[in-house]
Structures are given as structure tokens and as C-alpha cells.
Amino acid sequence: MLKVDKLMVFYENALAINELSIHINEGEIVGIIGSNSAGKTTLMNTISGLLLDTKLKEQRKGGERITIFGSVSFIGNDITNTWADERVKMGIVLSRERHPVFVESDVKENLKIASYLSPKNKFKEMLSFVYDLFPALVPLRKRKAGFLSGGEQQMLAIGMSLMVKPKLLLLDEPLLGLAPTIQVKLIESIVKIRKETNVTILICEQFARPVLPIIDRGYVLENGMLALEGTGNELFNNPEIKAAYFGV
Amino acid sequence: MFVYGLINSAVLALMALGFNLTFGISGIANFAYGAIYVVAGFITWAFINHLNLPYAVSAILTIIIIGIFGALVYKFIIKRIRGLVISEVIATFGISIILLELLRFIGLIGFKYSLPVFIDGSVEILGVYVDIQRLFIIGLGILVIISLYVFTHHTKTGLAFRGIAQEEHTSLSLGINPDRIASLSMGMGSALGAFAAIVILPLGTITVDSGYDVLINALSVCIVGGLGSTFGVIIASFIIGYTQTITAMYLAPHWTMIVSLFAILVILVIKPSGLLGHQKELEERV
């Protein structure tokens with residue numbers, strides 16, 4: 001479904017991603033595991049197209065020079081140079097790192113803004129789907145999103161991405177900064193999302209322990225390079241992963 | 001005095017709303033706003049007097065033309081320098097000077113350049129006689145504020161406006177194109193400027209210099225109210241509007257321009273984000 005081929009991304013002369021090739025099949029949950037500065041967020045921004053926007057803005061400012069080599073294709077179309085909003089129309093939706101929601105709007109309004117691309121008559125249906133998925137949001141409907149806790153904001157951010165009815169959902173560090181109990185709840189919701197909507201999911205995460213059991217396949221990134229790949233189980237039982245991520 | 005202060009406030013609010021809309025959504029300080037205001041006046045005048053179109057038709061045509069003009073300015077000029085605040089200001093201010101001085105060069109000066117009032121006559125309110133045109137200003141000002149509220153809270157485009165205003169990259173990752181929204185907001189801001197011109201200009205003649213005055217007034221109302229906050233604009237236009245009326249009454253009318261400039265100074269010293277600089281409010285509470 002999605003194919004990233006020999007991707008290289010430079011910030012000035014620093015190499016963020018080095019000849020990375022990954023592929024995602026339809027219906028899978030794929031995980032990308034890596035520590036800080038492994039290139040996870042850069043990869044997500046490249047797949048979703050946000051990096052092109054950042055690149056253009058930096059170019060105007062005369063700031064950081066961002067260079068992208070390699071190609072990204074989605075359902076047979078080359079999308080390496082496609083603008084982010086076009087990619088959303090094709091079905092690639094990103095839920096960004098650190099859940100940046102619209103803090104001045106209340107929860108329901110956030111979801112309303114998110115449904116910009118989907119038809120108006122589907123709004124109620126999608127809204128109740130999101131509320132079913134995250135019942136914790138229901139009593140907070142009228143609260144400004146800026147006053148929610150980190151976990152609630154993360155649920156809202158994922159809910160917002162779902163409002164667009166994605167074919168490929170990209171989750172950038174959904175567990176970052178959350179309490180372990182909430183991490184478990186979110187992971188359950190992610191499994192439920194796949195079961196109910198059949199959406200393909202790509203998760204980037206540094207917390208390998210909760211993520212590895214639910215993914216079909218996983219890639220391990222290290223300094224922008226592919227270090228390991230395998231099924232979720234293989235990775236879970238790999239001694240090196242255990243040493244590096246579980247502290248065993 | 002009460003009534004005239006109210007009218008003056010409504011005038012200021014109408015002038016500032018267009019500027020505020022563009023700035024609040026896309027962060028572009030449209031310094032060509034005053035020029036657009038004056039140009040709108042002249043276009044309407046030309047439609048009425050040269051093409052003999054009815055007043056209502058010329059007004060609507062002008063608003064549409066100016067709206068498209070604003071969007072095109074974004075598309076061909078601002079888009080290239082988006083995100084560089086100083087360049088945006090220089091570019092829009094350049095456009096403003098070109099337009100205004102061109103009008104002066106052509107020689108559009110004189111008492112014949114004025115727009116007719118909507119309905120002639122006056123009524124007595126609280127012991128003073130008030131032109132019906134001035135009542136129109138208050139009424140239409142309220143109408144514009146209400147319709148802006150409805151637009152930004154209940155339509156898809158309006159909600160997208162608010163999304164872009166808050167988190168550009170999140171909006172982009174939800175499929176909202178910032179350039180499209182910014183050019184729309186620039187178009188709508190300019191159209192609101194044209195609307196204000198058509199409503200306010202019948203009170204006097206159309207002069208090139210009023211372009212600069214309008215810009216300063218709009219700017220000071222927006223800065224005092226907190227850039228980007230509609231409610232702040234309303235409060236600030238009341239404060240500045242009444243101060244101007246009182247100044248004109250007890251000092252002399254030519255002191256009124258100082259009020260807006262002085263207001264900018266005072267607010268920047270006391271509370272730089274403005275009375276209701278809403279982006280900051282949340283940060284302070286959390």
C-alpha cells in the first residue's frame with residue numbers, strides 16, 4: 001500500500017534518514033521503533049508531506065536547508081512531491097507528535113474542524129464513532145482542548161485524524177508523556193480502531209514494550225538507518241531489543 | 001455625546017474588523033487596508049457616476065471586486081514571502097503607497113467625490129438629531145459582527161479559518177490548505193474593508209489621505225483590543241471611540257488622531273498583548 005524507497009533526508013549536512021526502505025501492506029499495523037533522534041518524526045513528516053511545507057518555509061527564510069532523496073509511493077502513485085493536503089485527500093492522515101490540538105476550541109469544535117474534508121451528513125456518525133472509541137471525551141465535550149490532560153489531548157488528536165476517514169493512519173509517538181495505565185488504554189483503542197474500520201496503521205514509538213505485542217511487523221531505526229526488521233513477535237523475543245528497550 | 005460616541009465606536013469597529021480578520025487568521029498585517037478602503041470608495045463612485053449603475057448594485061460589485069483583488073494580492077505577492085513578517089508588512093505597505101499616491105497623481109480630489117447616503121433624513125434620539133446614515137453604521141456594524149461569529153463557528157470554511165489560526169501544521173495534516181485559507185481570509189478582510197468604506201464614506205467626501213487615517217485607526221483598535229480577537233476589537237473601539245469623541249468635544253477636533261496613536265503607546269507599555277490577546281490568556285492560566 002505504502003512504499004518508501006531508499007529515502008534520504010538531510011537537514012543541512014546532518015543526515016536524518018539514511019537509505020531507508022520500508023513497505024506497508026493493506027490492513028497491517030506496522031511499528032517503527034527507535035530511540036530519540038532515530039529519525040522517526042522526520043519519517044512521519046516525509047510520509048505525510050508536512051516536511052515539504054517545512055522545507056518551503058525554511059527556504060523562504062533562508063534558514064535550514066532540507067534535502068530529500070528517494071521516493072514515496074502510495075497505492076501505486078508516486079507521491080514524493082505531492083502536497084500534504086492532497087495526500088490527506090488520498091487517505092494518508094497523520095496524528096502529530098505531542099498531540100497539538102486546537103487549544104482555543106472546545107473538544108467538539110476540534111472534531112468539527114477536523115471533519116473539514118468529510119461530507120457534512122457523515123459528521124454525526126463519525127462523531128459518535130469517536131465518542132464510542134474514547135468514552136472519556138464525552139463528558140469533556142464543552143471543555144477547551146487546552147485544559148485537557150495529555151492523555152485526553154492524545155485521544156482527541158487520534159479522534160480528529162479518524163474524522164477524515166483515513167486509509168492509512170500515521171501515529172507519531174502516541175504514547176509520549178502518558179502514564180502507563182493510559183498507555184495501555186490507548187493501545188487497546190488502537191487495536192479497536194483497526195478492527196472496526198480496517199484502516200492500515202503505522203505507529204512510531206520509543207516505548208517498545210506496549211507497542212510490540214499489537215503490531216504485525218516492525219522496523220527498528222537507529223540513527224536514521226534500518227537496524228532490524230521482523231514480525232512483532234520476533235522483535236519482542238529478540239535479545240538485543242530486550243536489552244535496548246526493555247532493560248532486561 | 002453618548003450617541004455620537006456610540007456612532008464613532010461603531011465606525012472604528014467597522015474599520016478594524018477587516019484588518020482584524022486577516023491578521024487573526026493568517027497572521028498577515030494587511031497594511032494596504034487603508035488604500036483598499038479608499039479605492040473601494042472611488043470604485044463605487046465611478047460605478048454610480050460613470051456607468052450609471054444603481055447604488056446597491058455598485059456597492060455589491062465593489063465589494064466583490066475588492067474581495068477578489070485582496071485574494072489575488074495574496075496569491076501573487078504575499079504567498080512568496082509568507083511567514084516573513086517584516087517582508088509582509090513592507091510589501092502590503094508598498095501596495096498601499098502605490099495605490100494611494102496613484103490616486104493622488106490622477107487627481108481625484110474634490111467635493112464631488114462623495115457617495116450618496118442610503119436614506120436621507122435624521123431622527124431625534126436622547127435629545128440629539130442623528131442622521132439615518134449613522135444609525136445604519138451602528139446596525140450594519142452589529143450585523144457584521146454577528147455574521148462573522150456565525151461564519152467562524154458554524155460553517156466548514158469558518159471552522160477551517162479558526163483551525164489555521166491556531167495550529168497551522170495540525171490543520172495541514174487534516175487536509176486544510178493554509179494558502180487557500182489565507183488567500184480567502186485576505187479576500188474577506190479586504191471585502192470587509194470595502195463594505196466599511198461604502199457604509200462610512202457617505203458621511204463625508206472620499207479623500208486620498210483618509211486612507212492613512214483609516215489604517216492608523218484600524219491598527220490602533222486592533223492593537224489595543226489584542227490582535228486577532230474580535231471581542232477585543234469591539235471593546236477597544238468603544239474605548240477609543242468615546243475617548244475621541246470626548247477629546248473632540250472638550251479639546252479640539254484636530255486632536256482626535258492623536259488619541260489612537262497615544263492608545264497604541266499606552267497599551268504597549270501596560271499590556272503588550274492587548275486587552276484580550278487571547279493566545280496569551282490560556283498560557284497564563286495553565
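What counts, and at which threshold
Residues numbered from 1 in each chain as written. Chains lettered and ligands numbered in written order. Predicted model: local features only at pLDDT ≥ 70, side-chain atom pairs only at ≥ 80, totals over all residues. Helix = DSSP H or I, 4+ residues; strand = E, 2+ residues; numbered from the N terminus. Rg over C-alpha atoms; globule rule 2.2 N^0.38 Å. Contact = placed C-beta atoms within 7 Å. Pairing = 2+ DSSP bridges. Axes fitted to C-alpha atoms, helices over the stretch in contact; angles between N-to-C directions. Core = buried A, V, L, I, M, F, W, Y, C linked by C-beta atoms within 7 Å. Buried ≥ 20, exposed ≤ 12 C-beta atoms within 10 Å, placed from the backbone. Nonpolar A, V, L, I, M, F, W, Y, C, P; charged D, E, K, R; others polar. Expected span 1.5 Å × (residues − 1).

(A) Structural view of the overall build of chain A. Per the secondary structure count, chain A includes ten helices and ten strands. In terms of overall size, chain A behaves like a compact globule, its C-alpha atoms giving a radius of gyration of 18 Å where 248 residues would be expected to give roughly 18 Å. In terms of its C-alpha atoms, chain A occupies a principal-axis envelope of roughly 50 × 45 × 35 Å. In chain A, of all internal contacts separated by at least 6 residues, the share reaching a separation of at least 24 is 68%.

(B) Region of interest: the sheet that holds strand β8 (residues 200-205) of chain A. Residues and elements named next belong to chain A. Reading across the sheet, the six strands line up as β6-β7-β8-β3-β9-β10 and stay open at both edges, with mixed pairing between neighbours. Looking at strand neighbours, the two that pair on one side only are β6 (92-95) and β10 (225-231), the edges of this open sheet. The average undirected angle you get between the axes of adjacent strands in this sheet is 15°. In this structure, strand β9 (residues 217-222) lies alongside β10, joined through six bridges in antiparallel fashion. Bridged to G218 within β10 is G230.

(C) Expanded view of the sheet that holds strand β5 (residues 77-78) of chain A. All names here are of chain A. Pairing is antiparallel in the open sheet, where four strands are placed in the order β2-β1-β4-β5. Strand pairing shows two members of the sheet lacking a second neighbour, β2 (14-24) and β5, which therefore form its edges. As paired elements, strand β4 (residues 66-74) and β5 share two bridges and run antiparallel to each other. Opposite F74, over in β5, you have N77 as the bridge partner. Helix α1 (residues 40-48) contacts β1 (2-11), β2 and β4 of the sheet and is inclined by roughly 120° relative to β1.

(D) Local environment of the nonpolar core. A:L170, B:L14, B:A16, B:A218 and B:C222 are the most contacted members of the largest nonpolar core, which totals 152 residues. The element that contributes the greatest number of residues to this core is helix α8 (residues 178-200) of chain B, accounting for 14 residues. With residues near it in sequence (within four places) discarded, B:A218 still touches B:M15, B:A16, B:F19 and B:Y33.

(E) How the structure looks around the interface of chain B and chain A. Between chain B and chain A, the residue contacts involve 22 residues of the former and 27 residues of the latter. Only α6 (156-166), α7 (168-173) and α12 (278-285) of chain B provide two or more residues apiece to the side of chain B that touches chain A. The leading source of residues in the side of chain B that touches chain A is α6(B), at six residues. Among the residues forming the side of chain B that touches chain A, the class breakdown is nine nonpolar, nine polar and four charged.

(F) Representation of the environment of A:T200 within the structure. Residue position: A:T200 is located in strand β8. Between the C-alpha atom of A:T200 and that of A:E26, which follows or precedes it by 174 residues, the distance is 5.8 Å.

(G) Region of interest: the pairing of β8(A). Residues and elements named next belong to chain A. The buried fraction of β8 is high, at six of six residues. Going residue by residue along β8, you find T200, L202 and C204 tucked away on one face and I201, I203 and E205 tucked away on the opposite face as well. Examined bridge by bridge, strand β3 (residues 29-34) and β8 share five bridges and lie parallel to one another. Paired with I29 across the two strands is I201, which belongs to β8. In the sheet, strand β7 (residues 168-172) pairs with β8 via five bridges, with the strands oriented parallel.

(H) Focus on helix α10 (residues 230-250) of chain B. In a regular helix each residue adds 1.5 Å, so 21 residues correspond to 30 Å; α10(B) covers 30 Å between its end C-alpha atoms and thus fits that length. The set of residues buried in α10(B) consists of B:T230, B:G232, B:V233, B:I234, B:A236, B:S237, B:I240, B:G241, B:Q244 and B:T245.

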